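Residues per chain are reported as follows:
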Amino acid sequence: MNPLTYASPFPSTFVFGAAAAAAQIEGAAFKDGKGPSIWDTFARTPGKVAGGDTLDVACDHYHRFDEDFALMASLGIRHYRLSIAWPRIFPDGDGAVNQAGLDFYRRVFASMARHGITPWVTLFHWDLPQALEDRGGWTARATVESFARYADTVVKAFAGDVRHWITLNEIRCFTWLAYGIGNKAPGRRESDAIVNQTIHHALLAHGHAVRAVREFGGPQARVGLTDNCDVSVPVTETAADIAAAEAWFEDKNAHILGAIHGGGYSKAYLERVGDAAPKVQAGDFDLISLPTDFLGLNVYTATYVRAGRDGARYEALALPANYPRADSPWLNLVPQAMYWAPRMCHALYGHRSIYITENGCGYNHEPVQGGEVIDLHRRDYLRGHLREMHRAIADGVPVDGYFLWSFIDNFEWEDGYERRFGIVHCDFETQVRTPKLSARYYADVIRTRCIV
Ligand code: GBH
């Protein structure tokens, strides 16, 4: 019998946090020796980012982190997932270390400690140094070596400040979307073979980050990947639809989670990609399959799947045009994603500790009125998704924490500043921060440890 019921509090050890990423909030894009990232270049390429927005100032968190952490602490948020900007540490990708970059994050960690906030640090959240892109970026195996050096440097420098490490954020987004579809930096449209090779290089980079944390992180350090797995939700919670949803999940995630946990690319995956299979060197999967301490999942949406007809293993359903969604066109509202994503990762890959490292929703018009933003749409999104996560825990799925995306409105990649994901409103003209209704709501959830 599991003691957790629908209305009961979250376990006392459950981690509630908020997340953001360096490139999206810091600004100071060329300050104190930082080199350009591929996103700085991409944003300056006409037509790539909505409104021609750049990352130059963003939320000016580079200069305002102390007040941001004070606000975070005042809302009761005690865990913060941030990323380190690789081009601040290595402006040329892999040349000399930029001491001013290390000093900045040292000040950040000191401020977090003063405010009682625990850091969860992502080593790579998409801001590849432009100098490395000029040498092939993630298509080049040499980038993996540069990343290994960067990971060693950062873990060594901050082993005393950081216990929770995340290797990479969302491999699909900086490989397939960046080198295949081309809507993310560097915006290339390469063949399937090249895209699959970028994914293989990302898996190797993940392995190197795990190795770096084991080597230099100290005995307390924990490490895991953050993946945005493709999530399936069975149309009905019957055995047949659940089995179909599992089969779809396994297929769709074969190239990343499947490969990492299977010790190699599966036969089914290799048959599917044929000539476009990645080139693998001896020993690659020793590194890629190094055991981790947890799995991070970014969960936003899902695909409905039901049992297949005429012998098909499954049928994935296209959504009707009037299915509810956020202003992000891909963000269909499917709260059950929060139940099925961790449940399937637990069942298929045996993970015993799972964190939701991102979950949230993006909307365009959220005006400040009378000193607040009445974002009931976001409060509803949060509540619905937290309930499904709570149900997963009640059913014995080991979900140990939740990080809301995002603490503050920020640079939403190709959507620029128009698309707001924050529970804190940012006025990008004045840099004034205003907690939204959803921030107050989340603060009450954290304080009571219940879905209020
Ligand atoms: C996360 O990505 C990121 O980690 C975070 O930085 C970001 O701000 C946040 O979510 C909100 O977007 O290109 O047509 O296939 C979410 C990633 C975005 C990946 C949408 C899949 C599908 C659109 N997802 N994308 S498409």
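The model shown is predicted, which means the values in this text are computed figures rather than measured ones.

(A) Seen up close, the overall build of the chain. Regarding its fold elements, the chain presents 17 helices and 13 strands. Rg of the C-alpha trace for the chain: 21 Å, near the compact-globule value of 22 Å for 452 residues, within the 12% margin. Taking the principal axes of the C-alpha coordinates as reference, the chain spans close to 60 × 55 × 45 Å. Counting all 452 residues of the chain, 60% fall into the buried class. Within the chain, contacts between residues at least 6 apart in sequence are counted, and of these 77% link residues at least 24 apart.

(B) Region of the structure containing the sheet that holds strand 9 (residues 315-316). Spatially, 6-8-9 is the arrangement adopted by the three strands of the open sheet, whose pairing is mixed. Looking at strand neighbours, the two that pair on one side only are strand 6 (232-234) and strand 9, the edges of this open sheet. Pairing of strand 8 (residues 303-306) with strand 9, which is carried by two bridges, proceeds in the antiparallel orientation. Each residue of the ladder has a partner; that of R306, found in strand 9, is E315.

(C) Quick peek at the pattern of salt bridges. Applying the stated criterion to the full structure yields 32 salt bridges. Among the salt bridges present, the one from D380 reaches R379, with a minimum N-O distance of 3.7 Å. The closest approach of N and O atoms between D415 and R419, which form a salt bridge, is 3.0 Å. Side by side, D415 and R419 carry an identical accessibility label, which is buried.

(D) Summary view of the sheet that holds strand 3 (residues 118-124). One closed barrel holds the eight strands; their spatial order is 1-2-3-4-5-7-10-11, and the pairing between them is parallel. The sheet shows a mean angle of 25° between the axes of neighbouring strands, taken without regard to direction. Direction of pairing for strand 1 (residues 15-19) relative to strand 2 (residues 79-83): parallel, over a ladder of two bridges. Looking at the pairing, A18 lines up with Y80 of strand 2. Its contacts with the sheet put helix 10 (residues 192-216) on strand 3, strand 4 (164-169) and strand 5 (222-227), and the angle it makes with strand 4 is roughly 165°.

(E) Quick look at the pairing of strand 5. Burial within strand 5 is extensive, with six of its six residues counted as buried. Covered by surrounding structure in strand 5 are R222, G224 and T226 together with V223, L225 and D227, the residues of both alternating faces. Where strand 4 lies against strand 5, four bridges are found, and the strand directions are parallel. The partner of W165 across the bridge, within strand 5, is V223. In this sheet, strand 7 (residues 294-298) lies alongside strand 5 in parallel orientation, the contact comprising four bridges. Considered in strand 7, the bridge of L225 is made with L295.

(F) Looking closely at unusual backbone geometry. The peptide bond linking A185 to P186 adopts the cis configuration, its omega dihedral lying at 10°. Here P186 is to be found in the loop between helix 9 (176-181) and helix 10. Here the bond from W405 into S406 is cis, since omega is 10°, no more than 30 degrees from zero. Looking at the secondary structure, you find S406 in the loop between strand 11 (399-405) and strand 12 (424-426). The phi torsion at D32 lies on the positive side, around 50°, for a residue other than glycine. Within the element layout of this structure, D32 appears in the loop between helix 1 (22-25) and helix 2 (38-43). Note on D32: relative accessible area 37%, which makes it partly exposed.

Calculation notes
Residues numbered from 1 in each chain as written. Predicted model: local features only at pLDDT ≥ 70, side-chain atom pairs only at ≥ 80, totals over all residues. Heavy atoms only, no water. Helix = DSSP H or I, 4+ residues; strand = E, 2+ residues; numbered from the N terminus. Rg over C-alpha atoms; globule rule 2.2 N^0.38 Å. Buried < 20%, exposed > 50% of the residue type's maximum accessible area, 1.4 Å probe, protein only. Contact = heavy atoms within 4.5 Å. Pairing = 2+ DSSP bridges. Salt bridge = Lys/Arg side-chain N within 4 Å of Asp/Glu carboxyl O. Axes fitted to C-alpha atoms, helices over the stretch in contact; angles between N-to-C directions.

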